[in-house]
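Tertiary structure, described
This is what each chain is made of:
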Amino acid sequence: GIDGTWGTFQSPTATASDKYCNIIFMGDGYTNEDYQGGENCKFIKDARAAYEAIFSIEPYKSLKDYFGVYYVNVVSGQKIHTTGKYLNGADNVDTHTPFEVTFTPNATETKGYETRALYYAERIGALSEEQVCRSAMCVIANTYCHAGSCTIYYGHSESDYCENYSIAYLSLGSEGANQPEDFRRCVIHEVGGHGFGKLADEYTMPKYYSNRTNAWNNLRSMHSRGIYHNVDKFEDGVTVVGDTPWANLADMSIYSPEQIGVYDGAYAVSRDFCRSTPSSIMRESSPTANADYFNSVSREQIYHRVMRLSGKSQQEAENGFLSWDADHLPQSGPYSQTKSLLMKSSGLDSGLLPLAEPTVICIGK
């Protein structure tokens, strides 16, 4: 009787519109015993930790009233069985769970049964089918390792904010003393960054596109659909900040701590793409001195989506960010006056690999 039941972490309280933003949590590999104990059961504790993670950081922290956050109880017949003790990823053994979440050893990519995520999300009585199809969904895999992936869906027509749904799959973080922080940052990156914010990764990997023109055209297509505005094309010695989507933010004194400019390397590729700041939570996979924040370019895109999904016009969303953000600047990252004990001089010191690139899929109406 537990499977398919649902609950609410919070209902939207913003009064600007009857429309709002939705985040939905589900679990994979949580057996009947993981749902015993009411609010103190393992699944609810894990899902609540994920919920609190997203709203621990700006701009989500100050935009919280615009969100409805829900969970669905999904009972598995068995736990997720993995072998080996991997820091990144896991080695799957014969396991059959509702979402069939799978991992790869020494990698961070995850995969899952996405049709089933939609099926369970549609069990939430507070949401219409249309609202589900505008939601950011997250499936938490009940196993400990560092891994996470997100699938972003978008429509054929151009859009300034991409109103389609997303599904993120992530584990509970690497085992050890830093597990809660690893899980928190994974949720923020995958659900808050990719899933809802439609942001691109800002890290680099040792690979290059064979045809940079095709790659740039693909990014332009994403931009025209409200996706990946936090990265842009890059030509060494040619690209300047005035050519980028963040040109309007670069000279503003309130953002001087972020050192906004043109930094080679983003979209998981070096030399062909650039980002706006030296670091951010879309670049780092582990705590570093300046990474525990969404940079202003990312905050602008998140704010824009919140306003548009809440019924504001494109002009209202675009014109409202600067004054709003000036009153809600982050208290973390380069804006912080203190450094967390968990912070390290380099993300590489922790041994955590960058979280896997999103998959982006075009769907019909």
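Throughout what follows, the structure given in this document is the object of discussion. What you see is a predicted model; the values in this text were computed from it and never measured. (Residues numbered from 1 in each chain as written. Predicted model: local features only at pLDDT ≥ 70, side-chain atom pairs only at ≥ 80, totals over all residues. Heavy atoms only, no water.)

Now for the packing of helix α6 (residues 296-309) against helix α7 (residues 314-326). The relative placement of two packed helices comes down to the angle between their axes together with the axis-to-axis distance. Where α6 contacts α7, the two axes come as close as 9 Å, and the packing angle between them is 135°. Classed by the angle they form, the pair α6 and α7 counts as oblique. The two elements α6 and α7 meet at a crossing, and its hand is right-handed. Contacts between α6 and α7 involve Ser296, Arg299, Glu300, Tyr303, His304, Met307 and Arg308 from the former and Gln314, Ala317, Glu318, Gly320, Phe321, Trp324 and Asp325 from the latter. (Axes fitted to C-alpha atoms, helices over the stretch in contact; angles between N-to-C directions. Helix = DSSP H or I, 4+ residues; strand = E, 2+ residues; numbered from the N terminus. Parallel < 35°, antiparallel > 145°, perpendicular 65-115°, else oblique. Left-handed = near helix turned anticlockwise from the far one by under 90°. Contact = heavy atoms within 4.5 Å.)

Quick look at the nonpolar core now. Side chains of a nonpolar character, in soluble globular proteins, are inclined to be buried together. Phe25, Met26, Phe67 and Ile140 are the most contacted members of the largest nonpolar core, which totals 101 residues. The biggest single contributor to this core is helix α1 (residues 42-54), with seven residues. Residues within four places of Phe67 in sequence aside, it is in contact with Gln10, Ser11, Pro12, Cys21, Ile23, Phe55, Tyr60, Phe196 and Val306. (Core = buried A, V, L, I, M, F, W, Y, C linked by side-chain atoms within 4.5 Å. Buried < 20%, exposed > 50% of the residue type's maximum accessible area, 1.4 Å probe, protein only.)

With that settled, the discussion passes to helix α2 (residues 114-121). Among the residues of α2, Glu114, Ala117, Leu118, Tyr120 and Ala121 are the ones counted as buried. Within α2, the buried residues cover an arc of 165° as seen down the axis, which keeps them to one side. Contacts from the buried residues of α2 go to β2 (21-28), β3 (67-72), α3 (129-132), β6 (136-141), β7 (148-154) and β8 (166-170). (Arc of directions from axis to C-beta.)

Now for the pattern of salt bridges. Counted under the stated rule, the structure contains 14 salt bridges. For Lys42, the salt bridge goes to Asp46, with nearest N and O atoms at 2.8 Å. Highlighted residues: Lys42 and Asp46, both in helix α1, separated by four residues, approximately one helical turn. For Asp46, a relative accessible area of 13% puts it in the buried group. Between Glu258 and Arg299 there is a salt bridge, with its nearest N and O atoms 3.1 Å apart. Note that Glu258 is positioned in the loop between β9 (232-233) and β10 (263-266) and Arg299 in helix α6, a separation of 41 residues in sequence. Assigned by exposure class, Glu258 and Arg299 land together as buried. (Salt bridge = Lys/Arg side-chain N within 4 Å of Asp/Glu carboxyl O.)

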